[in-house]
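What follows is the residue order along each chain.
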Amino acid sequence: MTSDTRGDDTRTMYDRMLAGDLYIADDPRILEASAAAIDLITAYNATTPRQEPLRRLILEQLLGSIGEGSGIRAPFYVDLGSRIRIGARTFANFGLVALDVAPITIGDDVMIGPNVQLLTPTHPIAPGPRRDKWEAAEPITIGNNVWLGGGVIVLPGVTIGENTVVGAGSVVTKDLPANVVAVGNPARVIRTLEDDDVVPERQP
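Quantities reported herein were computed from a predicted structural model and do not represent experimental measurements.

Assigned secondary structure in the chain consists of four helices and 20 strands. Its C-alpha atoms give the chain a radius of gyration of 18 Å, near enough to 17 Å, the size a compact globule of 204 residues would have. Residues counted as buried form 40% of the 204 residues belonging to the chain. Here the analysis covers contacts within the chain between residues at least 6 apart in sequence; of these, 26% occur between residues at least 24 apart. By element, 53% of the accessible surface of the chain is carried by carbon and sulfur atoms, the whole surface being about 10,600 Å². One finds the centroid of the 18 positive side-chain charges in the chain at a distance of 5 Å from the centroid of its 26 negative side-chain charges.

Hydrogen bonds along the backbone pair up the strands of a sheet, which may run parallel or antiparallel. Ordered in space as β2-β5-β8-β13-β16, the five strands form an open sheet in which the pairing is parallel. Whereas interior strands pair on both sides, the edge strands pair on one side only; in this sheet they are β2 (65-66) and β16 (159-160).

Attention now moves to the sheet that holds strand β7 (residues 96-99). Ordered by their spatial adjacency, five strands build an open sheet running β4-β7-β10-β15-β18, and the pairing between neighbours is parallel. The open sheet has two free edges, formed respectively by β4 (76-78) and β18 (171-172), since each of these has just one partner strand. Pairing of strand β15 (residues 153-154) with β18 involves two bridges; the strand directions are parallel. Bridge pairing links I153 to V171 in β18.

In this model, helix α2 (residues 28-45) (18 residues) spans 25 Å end to end at C-alpha, consistent with the 26 Å of a helix rising 1.5 Å per residue. Among the residues making up α2, those that are buried are I30, A37, I41 and Y44. Buried residues along α2 cover an arc of 55° about the axis, so they all sit on one side. For α2, the exposed residues set more than 90 degrees away from the buried face come down to P28, E32 and D39.

Reading the values: the criteria
Residues numbered from 1 in each chain as written. Predicted model: local features only at pLDDT ≥ 70, side-chain atom pairs only at ≥ 80, totals over all residues. Heavy atoms only, no water. Helix = DSSP H or I, 4+ residues; strand = E, 2+ residues; numbered from the N terminus. Rg over C-alpha atoms; globule rule 2.2 N^0.38 Å. Buried < 20%, exposed > 50% of the residue type's maximum accessible area, 1.4 Å probe, protein only. Contact = heavy atoms within 4.5 Å. Areas by Shrake-Rupley, 256 points an atom, 1.4 Å probe, with all protein chains shown as cover. Lys, Arg positive; Asp, Glu negative; His and termini not counted. Charge placed at Lys NZ, Arg CZ, Asp CG, Glu CD. Pairing = 2+ DSSP bridges. Expected span 1.5 Å × (residues − 1). Arc of directions from axis to C-beta.

The following block contains the structure:
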């Protein structure tokens, strides 16, 4: 990532953020969007499983979209919420962190284990721009029927193909293809999934 300044760019920092370019998070619209998301996520995290209709209503207000039959166990944490889109019949266990400065797209029938982190924000490596508070973000895409084991971390810009299984505690630094099992830090493909694979007794 290269250095940048406000220069002749007349866009607001909010518009720069939406475009995926370097920005500084001092724009009133960014601050308001973040505050509104914190209000909603705080309300969501204060609910119980007995309040499912209320939970659904809050998620519909918070997220860009959420499909039928999908659910997220509290606590759940976001940056903006509005840049997250979740398909149908997807389940996320306790402690999901989805930092959606850039879009996060989660497909249908995805299983997300506890304490998973989906992290779109990035910061300059160069010390000067980082000290000046420039930042950016890259989108994350999780394909249909993916299983992310407990504690998985997905880094900015990563796409995970459909049906792929990512073992517990793995750190996904690069794209993963469809129909594979990947484990480790950084996550590496260890085998291809076969049609006759059965559910393992333990997570890979």
